[in-house]
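What follows is the residue order along each chain.
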Amino acid sequence: MRKFLAMLAGVAALGLATSASAETTLRVSNWLPPSHPIVKDILAPWGEQVAEATNGRVKVEIMASPIGKPPAQFDLIRSGVADVGYSVHGYTPGRFKLTPLVEGPFLSDSAEALSVAYWRVQEAMLSKANEHDGVKLLTVFTHGPGMIYTTKKEVASLDDLSGLKMRIGGGIVSEVASRLGMIGVQAPSPQVYEILSNGVADGILFPAESVPFFRIDEVIRHGISVPGGLYNTSFFVIMNRDSWNRLSDEDKAAIDKVSGEAMARLAGKAWDAADAAGTKTMLDKGVTLAPADDAMTAAIVEKLEGINDGFLAAAKAAGIDGKAALDMLRAEVAAAK
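Residues numbered from 1 in each chain as written. Predicted model: local features only at pLDDT ≥ 70, side-chain atom pairs only at ≥ 80, totals over all residues. Heavy atoms only, no water.

Peer 1: Help me understand the overall build of the chain, please; the structure alone is not making it clear to me.
Peer 2: From N to C terminus, the chain includes 15 helices and 11 strands. Dimensions of the chain, computed from C-alpha atoms along their principal axes, come out at roughly 95 × 45 × 35 Å. Sequence separation of 24 or more characterises 77% of the internal contacts of the chain that already satisfy a separation of 6 or more. Summed over all atoms, the accessible surface of the chain reaches about 15,100 Å², with 55% contributed by carbon and sulfur. With 33 positive and 39 negative side-chain charges, the chain shows a separation of 6 Å between the mean positions of the two kinds. (Helix = DSSP H or I, 4+ residues; strand = E, 2+ residues; numbered from the N terminus. Contact = heavy atoms within 4.5 Å. Areas by Shrake-Rupley, 256 points an atom, 1.4 Å probe, with all protein chains shown as cover. Lys, Arg positive; Asp, Glu negative; His and termini not counted. Charge placed at Lys NZ, Arg CZ, Asp CG, Glu CD.)

Pasting the structure below:
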């Protein structure tokens with residue numbers, strides 16, 4: 001009897017060990033502060049959704065310290081340094097040739113609508129180019145509409161932009177700035193406060209959320225917007241292929257359910273809320289915010305004519321109908337509102 005009970009105990013212990021080993025922790029490579037909307041309002045809630053969808057079998061751990069710079073994230077995840085990562089497509093110029101689809105002007109005043117539309121076009125058309133080869137693409141999304149902010153000069157016409165030194169990020173925004181007569185200044189987001197306060201740059205092209213987050217509401221005095229945004233930034237969230245393949249089919253299906261369009265919508269909503277909060281903070285601090293008038297908007301539209309030509313050429317080279325992709329994007333933005 002004692003041998004039988006011992007055998008049962010051994011079987012139970014083995015079962016517990018098997019159950020414990022079945023739990024998987026996905027480590028997310030993180031290079032932003034924990035208070036940033038991408039971490040606090042996108043990755044953390046998504047991690048909770050993953051745990052709930054898999055009944056606790058898969059947990060998500062957001063790493064406290066960066067394991068590499070933002071441009072290195074795709075390759076770090078592909079090589080398995082971490083399980084999940086995110087970054088901006090435009091941080092590695094020339095690598096992702098189709099993301100200018102969503103980086104151009106006048107697309108949407110809502111990050112949620114544009115992000116959802118972006119994912120739908122990615123799934124239906126852009127995925128054929130396999131630009132995220134070697135990883136599992138969890139989602140793509142954009143931040144809110146990019147605006148023009150200046151430290152001293154109030155901008156009311158296209159002529160006011162001529163010669164202004166403006167900090168710009170990655171992607172098509174550099175071409176937008178050049179066409180509008182601005183001089184692009186490249187600098188990482190954490191250095192924006194320094195270059196603006198020291199006069200290295202006269203202003204910045206940013207979404208509303210980022211202004212108070214990087215404390216530049218303390219140095220900028222004016223902001224001006226155009227309908228649908230002057231530009232957008234394209235983000236990816238990816239997973240190491242081996243980490244994905246180690247999951248059960250049940251857990252893969254569960255994670256897919258809370259990723260893709262669902263995560264794009266989560267990200268877009270978070271950014272829209274952060275933009276609204278950022279706008280309120282700027283107004284409270286005395287920053288003047290205004291929409292471009294009809295004349296300035298028309299002048300910007302004229303200067304940016306053909307801004308999608310690069311995307312159309314890249315799409316053609318990849319065997320994708322670029323015009324159809326743009327038409328689908330605009331239709332899906334309207335449908336996602």
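There is more to say after this.
Peer 1: What should I look at first to understand unusual backbone geometry in this one?
Peer 2: When glycine is set aside, most residues are seen to have a negative phi, and most peptide bonds are trans. For Asn130, which is not glycine, the phi dihedral falls at a positive 55°. Following the sequence through the fold, Asn130 ends up in the loop between α5 (111-124) and β4 (135-142). Looking at Asn130, the relative accessible area reads 46%, which means it is partly exposed. (Buried < 20%, exposed > 50% of the residue type's maximum accessible area, 1.4 Å probe, protein only.)

Peer 1: Honestly, the nonpolar core in this entry has me stumped. Any pointers?
Peer 2: Most often, soluble globular proteins keep nonpolar side chains buried together rather than apart. In this structure, Leu205 and Leu230 are the most contacted members of the largest nonpolar core, which totals 41 residues. Listed by contribution, the elements that provide at least two residues to this core are β5 (147-150), α6 (158-161), β6 (165-168), α7 (173-179), α8 (192-197), β8 (203-206) and α13 (294-303). When residues no more than four places from it in sequence are discounted, the contact partners of Leu205 are Met147, Ile148, Met166, Arg167, Ile168, Val173, Ala177, Met182, Leu230 and Tyr231. Among the nonpolar cores identified, the runner-up in size contains 33 residues, and Phe74, Leu107, Ala315 and Ala325 belong to it. (Core = buried A, V, L, I, M, F, W, Y, C linked by side-chain atoms within 4.5 Å.)

Peer 1: Is there a simple way to explain the sheet that holds β5 in this structure?
Peer 2: In a beta sheet, neighbouring strands are held together by backbone hydrogen bonds and run either parallel or antiparallel to one another. Here 6 strands make up an open sheet; going across it, the order is β7-β6-β8-β5-β9-β11 and the pairing mixed. Only two strands of the sheet have a single neighbouring strand rather than two, namely β7 (183-186) and β11 (288-291). Taking each pair of neighbouring strands and ignoring which way they run, the sheet shows an average axis angle of 25°. As paired elements, β5 and strand β9 (residues 222-225) share 3 bridges and run antiparallel to each other. Paired with Thr150 across the bridge in β9 is His222. (Pairing = 2+ DSSP bridges. Axes fitted to C-alpha atoms, helices over the stretch in contact; angles between N-to-C directions.)

Peer 1: Looking at this structure, how should I read the pattern of salt bridges?
Peer 2: Close approach of charged atoms allows side chains with opposite charge to pair. Counting across every chain of the model gives 18 salt bridges. Arg120 serves as the salt-bridge partner of Glu332, at 2.7 Å between the closest nitrogen and oxygen. Of this pair, Glu332 sits in helix α15 (residues 322-336) while Arg120 sits in helix α5; the two residues are 212 residues apart in sequence, bridging distant segments of the chain. Three or more residues joined by partner-sharing salt bridges are found here, namely Glu112, Arg120, Glu261, Arg265 and Glu332. (Salt bridge = Lys/Arg side-chain N within 4 Å of Asp/Glu carboxyl O.)

Peer 1: Any chance you could explain the packing of helix α14 (residues 309-317) against α15 here in plain terms?
Peer 2: Two measures define how a pair of helices packs: the angle their axes make with one another and the distance between the axes. The N-to-C vectors of α14 and α15 enclose an angle of 120°; their axes lie 8 Å apart at closest approach. When the axis of α14 is compared with that of α15, the two are oblique. Residues Phe311, Leu312 and Ala315 of α14 lie in contact with α15, whose contacting residues are Gly322, Lys323, Ala325 and Leu326. (Parallel < 35°, antiparallel > 145°, perpendicular 65-115°, else oblique.)

Peer 1: Would you mind going over the environment of Glu61 with me for this structure?
Peer 2: Residue position: Glu61 is located in strand β2 (residues 58-62). Exposure remark for Glu61: the relative accessible area of 41% places this residue in the partly exposed category. A sequence separation of 13 residues divides Glu61 from Glu48, and the C-alpha atoms of the two residues are 10.0 Å apart. Once residues within four sequence positions are removed from consideration, Glu61 is found in contact with Thr25, Leu26, Arg27 and Val28.

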